[in-house]
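Close look at the chain arrangement
Okay, here's what each chain looks like letter by letter:
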Protein chains: 2
Amino acid sequence: MKSALMITALSCGLCWGQAADDCKPNVLNIPEAKYPCVYSDNRAMFRVAAPDAQKVTVRIGRGFDMTKGADGIWSVTTTPLVVGFHYYSVQIDGATVADPSTMTFFGSGWQNSGIEIPEAGDGDYYRAKDVPHGHVGEQWYYSKITGKWRRCFVYTPPDYGTNVKAKYPVLYLLHGWGEDESGWYTQGHVDFIMDNLIAAGKAKPMIIVMDNLNAVKPGESAALFAARGLVPAPGAAPPAPGAQPGRGAVPGGRGGGFNLSAFTDMMFTDLIPATERSYRVLPGPQNRAMAGLSMGGMQTFTTALNNLDKFAYLGGFSGSCGGRGGTFDAKTACGGAFADAAAFNKKVKVLFLGIGSVEGPGTKTFSDALTQAGIHNVYFESPGTAHEWLTWRRCLNDFAPRLFQ
Amino acid sequence: MKSALMITALSCGLCWGQAADDCKPNVLNIPEAKYPCVYSDNRAMFRVAAPDAQKVTVRIGRGFDMTKGADGIWSVTTTPLVVGFHYYSVQIDGATVADPSTMTFFGSGWQNSGIEIPEAGDGDYYRAKDVPHGHVGEQWYYSKITGKWRRCFVYTPPDYGTNVKAKYPVLYLLHGWGEDESGWYTQGHVDFIMDNLIAAGKAKPMIIVMDNLNAVKPGESAALFAARGLVPAPGAAPPAPGAQPGRGAVPGGRGGGFNLSAFTDMMFTDLIPATERSYRVLPGPQNRAMAGLSMGGMQTFTTALNNLDKFAYLGGFSGSCGGRGGTFDAKTACGGAFADAAAFNKKVKVLFLGIGSVEGPGTKTFSDALTQAGIHNVYFESPGTAHEWLTWRRCLNDFAPRLFQ
């Protein structure tokens, strides 16, 4: 019995050795944590200490059942994963929880674990480099529309603090379903992407306001959101309809939900005025852009297509008012916003539609139909990526240089 | 069988109703989550879905075993808890994880759950109010000492962006063991505390730089930290020696650890110069303060007592170079920093020692001994609070008005 255990221990020692050689710690791990780790062929190994559990599964897109080792640690190596950032969770005897080995990321309405499958060679654009750095900071403002204090994150470019007379154009940038205003900063690396673009002279220095797309008016129900049957982002578990802001640490709470028209009202009544009071902002639609990912793209198109006197640049990253199949009638689609192509093209300097190649052809079809109807638009396809943050980082990296030129 | 189930369901329905009446959702819950909740007598009720688990325990200071209901949800109501912010975790069949019902908070080197037991009546000072708001933003800088990019959070006061010729004094403010540079912002509400103090005319507008106290030089081991046998903060599980920065999302990682002298070198070589390059900062020791909590207080005293030409204000919140018992010899204690009381008092305008009343008498004893030795110091005791963030919020609220006057 003893020697059997020793053999197990030895085998396990070899396993660890091999893992350490080949398998690099996930960059989103908590400090010093070696697991999960990622192999060069994009498989990932997960390890979870749950000595008394009967069944442990990692859920990353699909479930991978783990096997218990003699040390009480469960482990599994996945099949190769799509490159990019993935939310994931662990199921321990029926409980869905975050893996305590990683930092956590707000998605699907709760704090998921995260793993990053590195891009081969080309991920440099979202890394911190030795270039001038802008700031990401929070901005609190009171919303008359929702009757609550709200928080957004604001990126100011590297020269904002020193070039104190300069005014800047503004991009309003939204996250997706179940996420919050921290998403573009924490998962998206908006700051490094912009710092690098600005340093290379590829993008104009701009302010980026990242708000929370969840907004309800007093008395409205957050359940509106669930009733709409909108599709949750991948990795969702457990779903929490009506996701709200991230710090979660302000006594008094911030109950709420999602409502496309409430957000639009809130944006014009509260968010844009608060931004223009607090920052040195260039006026007019030619200095204002709006973009968002997934549900944030839907929100962008809902808000902006009805207010084209206020925005000259629009971006939908894996989300817009189209692309979900069906026939496209330029006269009636998207509330008739594209009925007069010449008028539209005059107002909108850039209409950007981005998508990951793994997400299907809907956005390409939509873009082609728009082109057919005479609507100028940019179609961007991120190769080999899914409905996930790597697609959206690449979208921003392509979209931002097109703004305010 | 069916009717027995129905009775169970009915009873459970009643339980939920009662809980909703008396027990208010923890303000740190994810959106829409009703549990954990806090009763008016400071007991908390926790609920965890783990239908197939054999044993589930909430660990908040001590363990509270949960009971499984017919719906597969485990629950427990604690004894009354100390007021303030508590890290906590859940054990599910031997796995220590965060409760998926709350936002997560970086402490003890991982992302814990958090619960806030409200202060009766007097927590207003750390809440968002309708006053001018400063900004908390991140600042990246390259450290020559550690050979790595580092991130700090920086609070700039409300008028920083508009009063563009003004220069400001700086408080360098540190977190505790196992935490990171996000602690004062996320758990501590540094921004609201300062906004409210400044709006009331109680504190001078100042910049607050919140760095990560973990720093090692290239080749140094993070294990240094463990070897020192330093005492972890409460709620620690699982301990992760050498805790490092929070966003955890920068490819390339940030391995590291804790080293009192490396941090001091890093601070003077990298952090202070980076701050003074990037912000409009008033020069000289009379415009520079340093403070920290727990291990951050130890770091503060280690750094500043050896460099009293650089700081005129020092704060130790539940941590300093003394207060852990033993005899106090003013000539030799703390490296002899207090040997010449007159010289010390001339250099240090405020020496602040704060503690929670539940933490024991060590700090009071230390303060009395300093007074006995002729060293001017301020002793602040937070009534009814532990080695936790409510003590430190109150310390900052008392300390900040004493600075730069």
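Residues numbered from 1 in each chain as written. Chains lettered and ligands numbered in written order. Predicted model: local features only at pLDDT ≥ 70, side-chain atom pairs only at ≥ 80, totals over all residues. Heavy atoms only, no water.

1. Brief notes about the pattern of salt bridges
Two side chains of opposite charge can pair, provided their charged atoms sit close to one another. All names here are of chain B. Within this structure, the stated rule accounts for 30 salt bridges over all chains. Between Glu181 and Arg151 there is a salt bridge; the shortest N-O distance is 2.9 Å. Linking Glu181 in the loop between strand 14 (170-174) and helix 2 (183-186) with Arg151 in strand 13 (residues 148-156), this pair joins segments that are 30 residues apart in sequence. The class of Arg151 is buried, set by a relative accessible area of 3%. (Salt bridge = Lys/Arg side-chain N within 4 Å of Asp/Glu carboxyl O. Helix = DSSP H or I, 4+ residues; strand = E, 2+ residues; numbered from the N terminus. Buried < 20%, exposed > 50% of the residue type's maximum accessible area, 1.4 Å probe, protein only.)

2. Re the side chain of Ser113 of chain A
Residues and elements named next belong to chain A. Mapping Ser113 onto the fold places it in strand 11 (residues 110-117). Judged by relative accessible area, Ser113 falls into the buried class, the value being 0%. Side-chain polar atoms of Ser113 contact the backbone nitrogen of Asp99, separated by 2.7 Å. (Polar contact = N/O pair within 3.5 Å; in protein donor to acceptor, adjacent residues only side chain to side chain.)

3. Here's the deal with the packing of aromatic side chains
Here the structure, examined in full by the defined rule, presents 44 aromatic pairs over all chains. Their ring planes at 25 degrees and their centres at 6.0 Å tell us that Phe352 of chain A and Phe380 of chain A sit as a pair that is stacked. Placement of the pair is Phe352 of chain A in strand 18 (residues 350-356) and Phe380 of chain A in strand 19 (residues 378-382), with a sequence separation of 28 residues. Pair check on accessibility: Phe352 of chain A and Phe380 of chain A agree, each one buried. The interplanar angle of 55 degrees and the centroid separation of 6.2 Å between the aromatic rings of Tyr160 of chain B and Tyr279 of chain B together place this pair among those described as tilted. With Tyr160 of chain B in the loop between strand 13 and strand 14 and Tyr279 of chain B in the loop between helix 5 (260-278) and strand 16 (288-293), this pair connects stretches of sequence that are 119 residues apart. With relative accessibility at 12%, the residue Tyr160 of chain B sits in the buried group. Accessibility expressed as a relative area gives 8% for Tyr279 of chain B, which makes it buried. By way of ring pairs, the aromatic residues Trp184, Phe317, Phe352, Phe380, Trp389, Trp392 and Phe399 of chain A are connected into one cluster. Lying across the ring of Tyr126 of chain A, Arg127 of chain A places its NZ or CZ 5.7 Å from the centre. (Phe/Tyr/Trp six-rings, centres within 6.5 Å; stacked < 30°, edge-to-face > 60°. Lys NZ or Arg CZ within 6 Å of the ring centre and 35° of its normal.)

4. A closer look at helix 9 (residues 362-372) of chain A
Residue and element names in this part refer to chain A. Taken as a whole, helix 9 has its buried residues at Thr363, Phe366, Ser367, Ala369 and Leu370. Down the axis, helix 9 shows its buried residues gathered within 160 degrees of arc, on one side only. If you follow the buried residues of helix 9, they end up packed against helix 7 (333-336), strand 18 and strand 19. Downstream of helix 9 by a residue or two, Gly374 has a phi angle that is positive, lying close to 85 degrees. (Arc of directions from axis to C-beta. Contact = heavy atoms within 4.5 Å.)

5. Some details on helix 5 of chain B
All names here are of chain B. Its 19 residues give helix 5 an end-to-end C-alpha distance of 25 Å, which sits within 8% of 27 Å, the value for a rise of 1.5 Å per residue. Along its length, helix 5 shows its largest kink, about 50 degrees, at Met267. Every buried residue of helix 5 is listed here: Leu260, Ala262, Phe263, Thr264, Met266, Met267, Asp270, Leu271, Ile272, Ala274 and Thr275. Buried positions along helix 5 lie against strand 12 (135-143), strand 13, strand 14, strand 15 (207-210), strand 16 and helix 6 (295-305). (Expected span 1.5 Å × (residues − 1). Bend = angle between axes of the 7 residues up to and from the residue.)

6. Section: the environment of Leu171 of chain B
Residue and element names in this part refer to chain B. Checked against the element boundaries, Leu171 lands in strand 14. On the basis of relative accessible area, Leu171 is assigned to the buried category, the value being 0%. Spatially, the C-alpha atoms of Leu171 and Leu403 are 8.6 Å apart, while their sequence positions differ by 232 residues. Leu171 has contacts with Met206, Ile207, Ile208, Val209, Ala289, Met290, Ala291, Leu396, Phe399, Leu403 and Phe404, leaving out every residue within four places of it along the chain.

7. Overview of the sheet that holds strand 1 (residues 24-25) of chain B
Residue and element names in this part refer to chain B. In space, the five strands of this open sheet follow the order 1-2-3-7-6, with antiparallel pairing throughout. At either margin of the open sheet sits one strand with a lone partner, and together these are strand 1 and strand 6 (67-68). One ladder, built from two bridges, connects strand 6 with strand 7 (residues 73-77); its direction is antiparallel. Bridge assignment links Lys68 to a residue of strand 7, and that residue is Trp74. (Pairing = 2+ DSSP bridges.)

8. Thoughts on the sheet that holds strand 6 (residues 67-68) of chain A
Spatially, the five strands line up as an open sheet ordered 1-2-3-7-6 (chain A), and their pairing is antiparallel. The open sheet is flanked by strand 1 (24-25) and strand 6 of chain A, the only strands paired with a single partner.

9. Things to note about the nonpolar core
Counting 138 residues, the largest nonpolar core has Ile92 and Phe317 of chain A together with Ile92 and Phe317 of chain B as its most contacted members. Ignoring sequence-local partners within four residues, the contact set of Ile92 of chain A consists of Val48, Ala50, Ala53, Lys55, Val56 and Val97 of chain A together with Ile92, Ala95 and Val97 of chain B. (Core = buried A, V, L, I, M, F, W, Y, C linked by side-chain atoms within 4.5 Å.)

10. Notes on unusual backbone geometry
Cis geometry marks the peptide bond from Tyr35 of chain A to Pro36 of chain A, where omega comes out at 0 degrees. Residue placement: Pro36 of chain A occurs in the loop between strand 1 and strand 2 (37-38). Phi is positive for Glu32 of chain A, which is not a glycine, with a value near 75 degrees. Accessibility expressed as a relative area gives 40% for Glu32 of chain A, which makes it partly exposed. One non-glycine residue, Asp93 of chain B, adopts positive backbone phi at about 45 degrees. Of note, Asp93 of chain B is situated in the loop between strand 8 (84-92) and strand 9 (95-97). Take Asp93 of chain B: its relative accessible area is 2%, and that puts it in the buried class.

11. Quick word on the packing of helix 5 of chain B against helix 6 of chain B
All names here are of chain B. Viewed as axis vectors pointing N to C, helix 5 and helix 6 meet at an angle of 60 degrees, and their least axial separation amounts to 10 Å. The orientation of helix 5 relative to helix 6 falls into the category oblique. For the pair helix 5 and helix 6, the sense of crossing is right-handed. Residue-level contacts link Leu260, Phe263, Thr264, Met267 and Phe268 of helix 5 to Gln299, Thr302 and Thr303 of helix 6. Broken down by class, the residue content of the contact of helix 5 with helix 6 amounts to four nonpolar, four polar and no charged. (Axes fitted to C-alpha atoms, helices over the stretch in contact; angles between N-to-C directions. Parallel < 35°, antiparallel > 145°, perpendicular 65-115°, else oblique. Left-handed = near helix turned anticlockwise from the far one by under 90°. Nonpolar A, V, L, I, M, F, W, Y, C, P; charged D, E, K, R; others polar.)

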